[in-house]
Amino acid sequence: MSSKVLIAFATNYGSTREVAETIAATLRDRGLVVDILPFREIRALTGYSAIVMGAPLVRYSLHKDLHAFLSRNRQALVKLPIALFALGPVHDPYDAKEWQGSQEQLDKESSKFSWLTPITVKLFGGKFDPALLRFPLNKMAGSEPASDIRDWNAIRAWAESLLEKLPKSA
Ligand SMILES: Cc1cc2nc3c(=O)[nH]c(=O)nc-3n(C[C@H](O)[C@H](O)[C@H](O)COP(=O)(O)O)c2cc1C
């Protein structure tokens, strides 16, 4: 019997890592044993009772590391409870159209993996820093301002909600 939860994430610029770390800290505060790893460093899924997966939306898709992880681990993942979160919208102030577009991208992406049935899927606001972009993305970003609309209360609340949804052991 195991009650260890794996938090697995992809990131380009670090903001999804910080969200994953906050979710890990919230679950640990509530007594869960948690491992947190980038998708690329995960070698085996034995010993976990559930997985929380997170990735940013990047050019209308979920980060490629999440896609690769899902394809690589299908057999093990169908047996595990999964919670999925994504980061996407970055406009400040709140832009309903942007959120709707990101939500549609997330829905479309999740539906590509029809065998994947997460117990919950959540979209969070993300962070955008044009100073971190390299050519040609920095040119394409134009004069987009930096923003960070990650809602830490909503992130912690979602993590708390997982306590009810994820099994205590498997
Ligand atoms: C090059 C680039 C492309 C992006 N494409 C999308 C997108 O298609 N849809 C979306 O909702 N957000 C998009 N975003 C916003 C990111 O999801 C957001 O910045 C996220 O916080 C980045 O996560 P990371 O810091 O973990 O890499 C994009 C951001 C960048 C820099």
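Structural data are supplied above this passage.
Residues numbered from 1 in each chain as written. Predicted model: local features only at pLDDT ≥ 70, side-chain atom pairs only at ≥ 80, totals over all residues. Heavy atoms only, no water.

Participant: Sorry, what's going on with the packing of helix H1 (residues 15-29) against helix H6 (residues 152-165) here?
Facilitator: The description of two helices packed together rests on the angle between their axes and the distance between the axes. The N-to-C vectors of H1 and H6 enclose an angle of 45 degrees; their axes lie 9 Å apart at closest approach. Taken together, the axis directions place H1 and H6 in an arrangement best described as oblique. H1 and H6 meet at a crossing whose hand is right-handed. Counted together, Glu18, Val19, Thr22, Ile23, Thr26 and Leu27 of H1 and Trp152, Ile155, Arg156, Trp158, Ala159, Glu160, Leu162 and Leu163 of H6 form the full contact between these two elements. Here the contact of H1 with H6 is composed, by residue class, of nine nonpolar, two polar and three charged. (Axes fitted to C-alpha atoms, helices over the stretch in contact; angles between N-to-C directions. Helix = DSSP H or I, 4+ residues; strand = E, 2+ residues; numbered from the N terminus. Parallel < 35°, antiparallel > 145°, perpendicular 65-115°, else oblique. Left-handed = near helix turned anticlockwise from the far one by under 90°. Contact = heavy atoms within 4.5 Å. Nonpolar A, V, L, I, M, F, W, Y, C, P; charged D, E, K, R; others polar.)

Participant: Would you mind showing me how to read the pattern of salt bridges here?
Facilitator: Should their charged atoms come close, side chains of opposite charge can pair. Overall, the coordinates contain six salt bridges when judged by the stated rule. A salt bridge links Glu109 to Lys112; the shortest N-O distance between them is 2.5 Å. Several salt bridges converge on common partners, so that one network encompasses Glu18, Asp148 and Arg150. (Salt bridge = Lys/Arg side-chain N within 4 Å of Asp/Glu carboxyl O.)

Participant: When you look at the environment of Ala83 in this model, what are you seeing that I'm missing?
Facilitator: Mapping Ala83 onto the fold places it in strand E5 (residues 82-87). With relative accessibility at 0%, the residue Ala83 sits in the buried group. When the C-alpha atoms of Ala83 and Leu166 are compared, they prove to be 8.3 Å apart, with 83 residues separating the residues in sequence. Residues in contact with Ala83, not counting those within four places in the same chain, are Ile51, Val52, Met53, Thr120, Trp158 and Leu162. (Buried < 20%, exposed > 50% of the residue type's maximum accessible area, 1.4 Å probe, protein only.)

Participant: How do you make sense of the layout of surface pockets when you look at a structure like this?
Facilitator: Take a probe with the size of a water molecule and roll it over the atoms, and the empty space left behind shows itself. Considering only enclosed or pocket space, the largest pocket measures out at about 1000 Å³ in volume. If you go around the largest pocket, you meet 28 residues; those closest to its centre are Leu57, Val58, Arg59, Val90 and Phe128. Every element with two or more residues in the lining of the largest pocket is listed here: H1, strand E3 (48-58), helix H4 (96-111), strand E7 (127-128) and helix H5 (137-140). (1 Å grid on protein atoms, 1.4 Å probe; cavity = no way out; pocket = protein on both sides within 12 Å on 5 of 7 lines; lining within 4 Å. Points joined across faces, edges and corners; volume = space filled by probe spheres on them.)

Participant: Looking at this model, I keep getting lost on the site of the ligand. Mind explaining?
Facilitator: Close contacts around the ligand come from 21 residues, with Thr11, Ser15, Thr16, Tyr60 and Lys127 the closest. In this structure, Ser15 approaches the ligand through a side-chain N or O atom, which is 2.5 Å from an oxygen atom. Taking Tyr60, its main chain carries an N or O atom lying 2.6 Å from an oxygen atom of the ligand. Contact with the protein chains covers 87% of the free accessible surface of the ligand, which is 640 Å². In this structure the site holding the ligand corresponds to the largest pocket. For the shell around the ligand, the leading source of residues is E3, giving three residues. Within the shell around the ligand, the residues separate by chemical class into 10 nonpolar, nine polar and two charged. (Near = heavy atom within 4 Å. Polar contact = N/O pair within 3.5 Å; in protein donor to acceptor, adjacent residues only side chain to side chain. Areas by Shrake-Rupley, 256 points an atom, 1.4 Å probe, with all protein chains shown as cover. Sits in = over half its atoms within 2 Å of the grid points.)

Coordinates in, geometry out; function isn't part of it.
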